[in-house]
Amino acid sequence: MIVLLFGPPGVGKGTQAELLIKKYQLTACSTGNILREEIARQSELGKTVRQYLEQGELVPDHHLFTLIERFIGTHRKNNMLFDGFPRNLNQATVFDTLLTKVDLKLDVALELHLSEDEIIKRLIHRRYCSTCGRTYNLLTSPPEKDDHCSNCGSSLTPRSDDTEAVIRRRMNVYVEETQPLIDYYKNKYIYHQVSAQGTQNEVFERITPIFNGHID
Ligand code: AMP
């Protein structure tokens, strides 16, 4: 099974991805996490892409293709979950080509949907662990100990792209670049939309019936 999660920033893709990975033993590819790790270890790629993440812009496609082709090559025998890729039509068509090359195809493209007001509220309360990548929400899923990651104990901070100006830019980028994926995947009959309103578990319970129909 190959699935992808997409949706506007702050909708809870990362949180749902974590729950889905555990339940279905999926191998996950979160391009946002991979890029943040590259930036943290100051690799050549990290230095190149840093400005794009800081400004809320999409990283140029070719950087993503290198990462994704490598990921598919390594994990092609596993069930895979993509979180945050593809993010525009060009990435979606190249993704299909890369999968076809190794006799695979995407089974589910799932969009998480939420109102803009709720998104802003969630992003303002989001905290991030730069050591292990786990994300918290101070209102809905706080860490056990204030400002410390329950997984690895490191300090939590807001993500550097969760400022008001960058949030707005990311939302616009989502509408302009990523939303066209809805029609692209509708035309392939693999599009599903789930409301991201409510608790993590409520959202998870809306997603699992869709996945259950596709698991090998
Ligand atoms: P995310 O963690 O998914 O919100 O991604 C954070 C940032 O990483 C985005 O605002 C982009 O700058 C960059 N990014 C992540 N995935 C992609 C992608 N598929 N294409 C281009 N840029 C990406």
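Located above this text is the structure these notes cover.
Residues numbered from 1 in each chain as written. Predicted model: local features only at pLDDT ≥ 70, side-chain atom pairs only at ≥ 80, totals over all residues. Heavy atoms only, no water.

1. Brief notes about the side chain of aspartate 83
Of note, aspartate 83 is situated in strand 3 (residues 80-83). No salt bridge is formed by the buried aspartate 83; the nearest opposite charge belongs to lysine 13, separated by 5.2 Å. In this structure, aspartate 83 is in contact with Leu5, Lys13, Gly14, Ala17, Cys29, Ser30 and Thr31, ignoring residues within four places of it in sequence. (Helix = DSSP H or I, 4+ residues; strand = E, 2+ residues; numbered from the N terminus. Buried < 20%, exposed > 50% of the residue type's maximum accessible area, 1.4 Å probe, protein only. Lys, Arg positive; Asp, Glu negative; His and termini not counted. Salt bridge = Lys/Arg side-chain N within 4 Å of Asp/Glu carboxyl O. Contact = heavy atoms within 4.5 Å.)

2. A short note on the site of the ligand
Not every one of the 15 residues close to the ligand is listed here, only the nearest: Thr31, Arg36, Glu57, Gly84 and Gln91. One nitrogen or oxygen atom from the main chain of glycine 84 is found 2.9 Å from a nitrogen atom belonging to the ligand. In the model, a nitrogen atom of the ligand is placed 2.9 Å from a nitrogen or oxygen of the glutamine 91 side chain. Relative to its free-state accessible area of 480 Å², the ligand is covered by the protein chains to the extent of 95%. When residues of the shell around the ligand are traced back to their parent elements, those giving at least two are helix 2 (31-40) and helix 3 (44-55). No other element matches helix 2, which puts four residues into the shell around the ligand. (Near = heavy atom within 4 Å. Polar contact = N/O pair within 3.5 Å; in protein donor to acceptor, adjacent residues only side chain to side chain. Areas by Shrake-Rupley, 256 points an atom, 1.4 Å probe, with all protein chains shown as cover.)

3. Quick look at the nonpolar core
Residues Leu4, Phe6, Ile68, Phe82, Phe95, Leu106 and Tyr185 are the most contacted members of the largest nonpolar core, which totals 32 residues. Contributions of two or more residues to this core are made by strand 1 (2-6), helix 2, helix 3, helix 4 (61-75), strand 3, helix 5 (89-101) and helix 8 (181-186). Looking at this core, the element that brings in the most residues is helix 4, giving six residues. Dropping the residues within four chain positions of it, phenylalanine 95 is found in contact with Leu4, Ile68, Ile72, Phe82, Phe85, Pro86, Leu106 and Tyr185. Judged by nonpolar contacts, the second largest core, of 24 residues, contains Val11, Leu123, Ala196 and Phe211. (Core = buried A, V, L, I, M, F, W, Y, C linked by side-chain atoms within 4.5 Å.)

4. Brief notes about the environment of isoleucine 34
Tracing the chain through its elements places isoleucine 34 in helix 2. C-alpha separation for the pair isoleucine 34 and proline 60, spaced 26 residues apart in sequence, amounts to 15 Å.

5. Some words on the sheet that holds strand 7 (residues 156-157)
Sheet architecture is open: three strands sit in the order 6-5-7, paired in antiparallel fashion. The outermost strands of the open sheet, each flanked by one partner alone, are strand 6 (135-137) and strand 7. Relative to strand 7, strand 5 (residues 126-129) is paired through two bridges, and the arrangement is antiparallel. Paired with cysteine 129 across the bridge in strand 7 is leucine 156. (Pairing = 2+ DSSP bridges.)

6. A few points about the packing of helix 6 (residues 116-124) against helix 7 (residues 164-178)
One can describe the packing of helix 6 onto helix 7 by two numbers: an axis separation of 11 Å at closest approach and a directional angle of 135°. It follows that helix 6 is oblique to helix 7 by the angle criterion. Handedness of the crossing formed by helix 6 with helix 7: right-handed. Only Ile167, Arg170 and Met171 of helix 7 make contact with helix 6, whose side of the interface consists of Glu116, Ile119, Ile120 and Leu123. (Axes fitted to C-alpha atoms, helices over the stretch in contact; angles between N-to-C directions. Parallel < 35°, antiparallel > 145°, perpendicular 65-115°, else oblique. Left-handed = near helix turned anticlockwise from the far one by under 90°.)

7. What about the layout of surface pockets?
In this structure, the second largest pocket occupies an estimated 370 Å³ of space. Every element with two or more residues in the lining of the second largest pocket is listed here: helix 2 and helix 3. Counting residues per element, the lining of the second largest pocket draws most heavily on helix 2, which supplies five residues. Broken down by class, the residue content of the lining of the second largest pocket amounts to six nonpolar, six polar and six charged. (1 Å grid on protein atoms, 1.4 Å probe; cavity = no way out; pocket = protein on both sides within 12 Å on 5 of 7 lines; lining within 4 Å. Points joined across faces, edges and corners; volume = space filled by probe spheres on them. Nonpolar A, V, L, I, M, F, W, Y, C, P; charged D, E, K, R; others polar.)

Interpretation in functional terms is not warranted from these geometric data alone.
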